[in-house]
Amino acid sequence: MQPGGSKRELAVGWEAEAVAAAEPQAAAAAEQVRVDAGASGEPERKAREESAKDPVPAQPRATEEGDARVLPRPPPALPVSRPKLALAPGLWPQGKPRSKGQSCKRSPSRRSGEYHSLRPVTVDSSKARTSLDALKISIRQLQWKEVRMVKDGNPSWKPTFIVKPDGGCQGDGIYLIKDPSDIRLAGTLQRRPAVVQEYICKPLLIDKLKFDIRLYVLLKSLDPLEIYIAKDGLSRFCTEPYQEPTPKNLHHIFMHLTNYSLNIHSGNFVHSDSTSTGSKRTFSSILCRLSSKGVDIKKVWSDIISLVIKTVIALTPELKVFYQSDIPAGRPGPTCFQILGFDILLMKNLKPILLEVNANPSMRIEHEQELSPGVFENVPSLVDEEVKVAVIRDTLRLMDPLKKKRENQSQQLEKPEAGKEDPSDSDLAFASDGNLNPEAHLPSICLKQVFPKYAKQFNYLRLVDRMANLFIRFLGIKGTMKLGPTGFRTFIRNCKLSSSSLSMAAVDILYIDITRRWNSMTLDQRDSGMCLQAFVEAFFYLAQRKFKLLPLHKQVASLIDLCEYHLSLLDEKRLVCGRSGRPGGRPPYSGTPQEAAPAAPPAESDLRPCTAKLSHPRHAPA
């Protein structure tokens, strides 16, 4: 495909229907300590050969006071290339079992020679998240060496950080630092906290310029969850050729920051009437250019879709809590939706990295142009208009409350009544007027559904979403977003979680301890009670007590199944009581379409989560 191809050609990559199945992974990866085992060079090889001919075992050093009484043992055979063993903080290297077919024939005499001819093992402790005293003592006892991580063979490399003040917009107050101690604190952190991220030093460049991508995502509904992604977006370019950050160029904002509101003030900013040139272009033009160079556009789109779905799934639990505080349960309310602006950076290896999500993205379709010094005029932006008008128009088409009614009427016209061979002339005229299909003159919808279309591949991530449904059920008072002690006790009682080993007094202590800790970390002290995050922590604690033999993910899933099972029984009992005329309770428990009430309570030793059966969900628009 050549640059400047037709829109139909630009659709390549988007029409990919399959998204690679995501492997279940831990929600947060531990920082790693990298152990770099040194490799033997030519002098070391000769030393090994001489040692093999005349083995002389080295004497271990005298044990000093406080040293562990463990003699060093020969490590497993190391390949010539330098292997790296990644360890989480607090874990220590262990020999890996050899796979079948690997030779392990070595004489005891040669082991000693090899051990002493290898360079010492080096340990990178720069990202350890705990006290280093014990680690330093251990490294010294093992006669290893502690270093700072060296990246890409450059001993002078240091990570760069980007600081973004909380509540800022349009690039206001953003700056880069090399040393975390350089953070500029305007007042106290309580007054204006900041987000600090590691700066991506190797972005994909086009025309030697750094750029990012603004994609628009429609959150059509929360329950059931519906996500749409616009087929096209905006690519916003820096206006100064990119160089990796150094202390000398950290302040070059036109080189490092892609914000449109900043670069528009650069003398190098290019306003263009074309969607494929200038300092702001369509994302489809970027994909077309990459495709012409042999890039797998389907893979790029697949990775972006996966990133968007995972991000929205992480947002939905808290969004549900906010939503229920404004929209009463069980009543038809206003049809709500949200357009989110995803800012994504493509790395040099084409991996998409999420920079931030904008809850209120700009929908301006014009820009200011300086006609003379100090005199500005709003000029239409063709790129913005092409992308943003399509997003807003097609969002309204998807949310149209009369859409289903028109579709039903259209189906009735396609099936003439009995005794009529053809529709009447008036029917034909009615249809041709466009009253039943006012969208006939419009282009196809630019928003593509990605969830629940790919729900099966990401449902394993929705455990916190199901916890949020339990949390909301026991909030009790409309408008509140925190769970009181009575509501937490009711949750424990209704879900049958108390036992001889977990009394209600212990439940109260658990509530007080976790709630107090989370409330001390939040800036908003207006409401008292347990927030959603505190409830999730308490839920994890209960799951680990209840299902001790299972992995953590299955512990939580099994406890959710157990709670949903008991609540479904309680709802059925209340429903029967309501039909018989006796006083009833709250409406039946409802959850997301991916949830279910298990047919039987899960056994604590069961290794598989219980199967589930759906109750009728309450549809709550987002």
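You'll find the structure just up there.
Being a predicted model, the structure only gives us computed values, none of them experimental. (Residues numbered from 1 in each chain as written. Predicted model: local features only at pLDDT ≥ 70, side-chain atom pairs only at ≥ 80, totals over all residues. Heavy atoms only, no water.)

1. Describing helix α13 (residues 485–494)
Formally: Whether a residue is buried, partly exposed or exposed follows from its accessible area with a 1.4 Å probe, protein chains only, as a fraction of its type maximum: under 20%, in between, or over 50%, in that order. Starting at the N terminus, helices and strands are each numbered in turn, a helix being any DSSP run of H or I of at least four residues and a strand any DSSP run of E of at least two. It only takes one pair of heavy atoms within 4.5 Å for two residues to be counted as in contact.
Within the sequence span of α13, burial applies to G487, F488, F491, I492 and N494. In this structure, the buried residues of α13 make contact with α14 (504–521), α15 (532–546) and α16 (552–579). Following α13 by one or two positions, K496 adopts a phi angle in the positive range, close to 60 degrees.

2. So, the pattern of salt bridges
Formally: In the sections that follow, a salt bridge refers to a side-chain nitrogen of Lys or Arg positioned within 4 Å of a carboxyl oxygen of Asp or Glu.
Under the definition given, this model contains 21 salt bridges. Here R462 makes a salt bridge to D465, at a shortest N to O gap of 2.7 Å. Note on accessibility: R462 and D465 belong to one class, buried. A salt bridge links D508 to R489, with the shortest nitrogen-to-oxygen separation between them at 2.7 Å. Of this pair, D508 sits in helix α14 while R489 is found in helix α13, placing the two residues 19 residues apart along the sequence. Overall, the relative accessible area of 27% leaves D508 in the partly exposed class. Because the salt bridges share partners, they merge into one network encompassing D212, R214, R236 and D343.

3. Brief notes about the environment of P180
Mapped onto the elements of the fold, P180 is located in the loop between β6 (175–177) and β7 (194–198). Considering only alpha carbons, one finds P180 and I162, 18 residues apart in sequence, at a separation of 9.9 Å.

4. Some details on the sheet that holds β6
This is how the line gets drawn: Should DSSP find at least two bridges between two strands, the strands are regarded as paired. For helices, the fitted axis covers only the stretch in contact; all axes are lines through C-alpha atoms, and the angles between them, taken along N-to-C directions, range from 0 to 180 degrees.
Across the sheet, three strands lie side by side as β6-β5-β7; this open sheet has antiparallel pairing. The open sheet has two free edges, formed respectively by β6 and β7, since each of these has just one partner strand. Taking the axes of each pair of neighbouring strands and ignoring which way they run, one obtains an average angle of 30 degrees across the sheet. Where strand β5 (residues 161–165) meets β6, three bridges bridge the pair, whose relative direction is antiparallel. From the neighbouring strand, I162 faces β6, where its bridge partner is L176.

By themselves these figures say nothing about function.
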